Amino acid sequence: MLAVVFLCIAFLYATVGFGGGSSYLAVLAVSNIPFELMPKLGLICNLLVVSGGCFHYYIKGHFNSKLILPFVLSSVPMAFLGGMYPIKEETFLMLLAGSLVLAGARLLFLRKPTEGYNHIPSKTVSVIVGGLLGLLSGVVALGGGIFLSPLMMNLKWGKPKEIAATASAFIFLNSFAGLAGQLTKGIPSDLWDYWPLFIAVIVGGQLGSRVGTHQLVSQHLVQRGTAILILIISSRLLYKLLF
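Residues numbered from 1 in each chain as written. Predicted model: local features only at pLDDT ≥ 70, side-chain atom pairs only at ≥ 80, totals over all residues. Heavy atoms only, no water.

1. Topic: the packing of helix 2 (residues 21-30) against helix 5 (residues 89-108)
Then step 1. It is the contact of helix 2 with helix 5, at a shortest axis distance of 10 Å, that shows an interaxial angle of 130 degrees. By the angle between their directions, the pair helix 2 and helix 5 is classed as oblique. Here the hand of the crossing between helix 2 and helix 5 comes out left-handed. Only Phe92, Leu93, Leu96 and Leu100 of helix 5 make contact with helix 2, whose side of the interface consists of Ser22, Ser23, Leu25, Ala26 and Ala29. (Axes fitted to C-alpha atoms, helices over the stretch in contact; angles between N-to-C directions. Helix = DSSP H or I, 4+ residues; strand = E, 2+ residues; numbered from the N terminus. Parallel < 35°, antiparallel > 145°, perpendicular 65-115°, else oblique. Left-handed = near helix turned anticlockwise from the far one by under 90°. Contact = heavy atoms within 4.5 Å.)

Structure below.
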């Protein structure tokens, strides 16, 4: 049942260039999976999903290196440092729940994007934003695209498909760096017992990436659906934490 849920999350998130790490973690938290496994599982699933997204966005010509590189140059080392940082389970879950609520609400109320967006931020701004989001992503074991994408949409930093492609690259590299940082704390012996989850997200991610890169798919509607899913999952996690 957990694999089916992960497949659905991967499909929906992949359509907008995300990996689904935040929702994987929330589902794992309410499923009573051991805390030491959660960040590793979430980041591995993130990598498996967004690798497909990166490939599809690349072959469709949506990658803009001038837009992507300044963000990831600062975010990757900070994500690694964030992943190494020891954090208590309660603090981790509260940060995760708060991040989910903010990201879900922001996505839900994003105005409809237009293809006329084509403003690239300065390299200084991109490096600062990338570093801050990379650090947060590493600590909370996320890829960070769920924070970066709404920000870029709101400030018109690129066209919609370019932003989705940037989010995919950002998530992939930060997830890899964050996972490396997490693994410095130790590798749980039963990590690979959860292989059905990895298969599920590969299938869901591939399907979602193909749908999301299609020119007839409304990114705005998919964003709204993703936002609703995030808010439902975050509400369930908050209920567990508070009651």
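2. Comments concerning helix 6 (residues 123-140)
Then step 1. Here helix 6 is 18 residues long and its end C-alpha atoms lie 25 Å apart, about the 26 Å a rise of 1.5 Å per residue gives.
Then step 2. Looking only at helix 6, the buried set comprises Ser126, Val129, Gly130, Gly131, Leu133, Gly134, Ser137, Gly138, Val139 and Val140.
Then step 3. Looking one or two residues beyond helix 6, the residue adopting positive phi is Ala141, at roughly 60 degrees. (Expected span 1.5 Å × (residues − 1). Buried < 20%, exposed > 50% of the residue type's maximum accessible area, 1.4 Å probe, protein only.)

3. What to know about the nonpolar core
Then step 1. Membership of the largest hydrophobic core comes to 63 residues, with the highest contact counts inside it found for Met38 and Phe92.
Then step 2. Considering each element in turn, this core owes the most residues, eight residues, to helix 3 (residues 38-59).
Then step 3. The contact partners of Phe92, leaving out residues within four places of it in the chain, are Leu25, Phe35, Met38, Pro39, Ile87, Val139, Val140 and Ala141. (Core = buried A, V, L, I, M, F, W, Y, C linked by side-chain atoms within 4.5 Å.)

4. As for a nonpolar patch on the surface
Then step 1. Where nonpolar side chains cluster on the molecular surface, the patch consists of Leu7, Phe11, Trp195, Ile199, Ile202, Val203, Leu207 and Val211 and spans about 670 Å² of accessible area.
Then step 2. Residue assignment for the nonpolar patch shows that the elements contributing at least two residues are helix 1 (2-14) and helix 9 (195-212).
Then step 3. In terms of residue count, helix 9 provides more of the nonpolar patch than any other element does, six residues in total.
Then step 4. Along the chain, Val211 turns up in helix 9. (Patch = residues over 30% accessible without salt bridge, like charges linked within 9 Å, V, L, I, M, F, W, Y side chains within 5 Å. Areas by Shrake-Rupley, 256 points an atom, 1.4 Å probe, with all protein chains shown as cover. Salt bridge = Lys/Arg side-chain N within 4 Å of Asp/Glu carboxyl O.)

5. Considerations on the environment of Leu102
Then step 1. Looking at the secondary structure, you find Leu102 in helix 5.
Then step 2. With 70 residues separating them in the primary sequence, Leu102 and Asn32 have C-alpha atoms 24 Å apart.

6. Some remarks on the side chain of Ser126
Then step 1. If you trace the backbone, Ser126 turns up in helix 6.
Then step 2. The class for Ser126 is buried, based on a relative accessible area of 1%.
Then step 3. Ignoring sequence-local partners within four residues, the contact set of Ser126 consists of Pro70, Phe71, Ser74 and Pro121.

7. Concerning empty space enclosed by the protein
Then step 1. Tallying each qualifying case throughout the model produces one cavity of 30 Å³ or more.
Then step 2. The computed volume of the largest cavity comes to approximately 80 Å³.
Then step 3. Gly20, Gly21, Ser22, Gly143 and Ile146 are, among the 13 residues lining the largest cavity, the residues nearest its centre.
Then step 4. Counting residues per element, the ones that place at least two in the lining of the largest cavity are helix 2 and helix 7 (145-155).
Then step 5. Tallied by class, the residues present in the lining of the largest cavity amount to five nonpolar, eight polar and no charged. (1 Å grid on protein atoms, 1.4 Å probe; cavity = no way out; pocket = protein on both sides within 12 Å on 5 of 7 lines; lining within 4 Å. Points joined across faces, edges and corners; volume = space filled by probe spheres on them. Nonpolar A, V, L, I, M, F, W, Y, C, P; charged D, E, K, R; others polar.)

8. Observations concerning the environment of Phe198
Then step 1. Note that Phe198 resides in helix 9.
Then step 2. A C-alpha to C-alpha distance of 9.8 Å links Phe198 and Gly42, two positions 156 residues apart in sequence.
Then step 3. Residues in contact with Phe198, not counting those within four places in the same chain, are Leu41, Ile44, Cys45, Leu48, Leu191 and Trp192.

9. Topic: the packing of aromatic side chains
Then step 1. If you walk through the whole model with that rule in mind, you get six aromatic pairs.
Then step 2. Ring centres of Tyr58 and Phe63 lie 6.0 Å apart, and the angle between their planes is 70 degrees; on these two criteria the pair is classed as edge-to-face.
Then step 3. Seen in terms of ring centroids, Trp192 and Phe198 are 5.6 Å apart; in terms of plane orientation they differ by 70 degrees. Their pairing is edge-to-face.
Then step 4. On the accessibility criterion, Phe198 (7% relative accessible area) is buried. (Phe/Tyr/Trp six-rings, centres within 6.5 Å; stacked < 30°, edge-to-face > 60°.)

10. Focus: unusual backbone geometry
Then step 1. For Ala141, which is not a glycine, the phi torsion comes out positive at approximately 60 degrees.
Then step 2. Among the secondary structure elements, Ala141 is positioned in the loop between helix 6 and helix 7.
Then step 3. If you check the backbone angles, Lys156 has positive phi at about 60 degrees while not being a glycine.
Then step 4. Among the structural elements, Lys156 can be located in the loop between helix 7 and helix 8 (160-183).

11. Observations regarding the environment of Val139
Then step 1. Here Val139 lies in helix 6.
Then step 2. You can call Val139 buried: its relative accessible area is 15%.
Then step 3. Separated by 58 residues in sequence, Val139 and Leu81 place their C-alpha atoms 8.1 Å apart.

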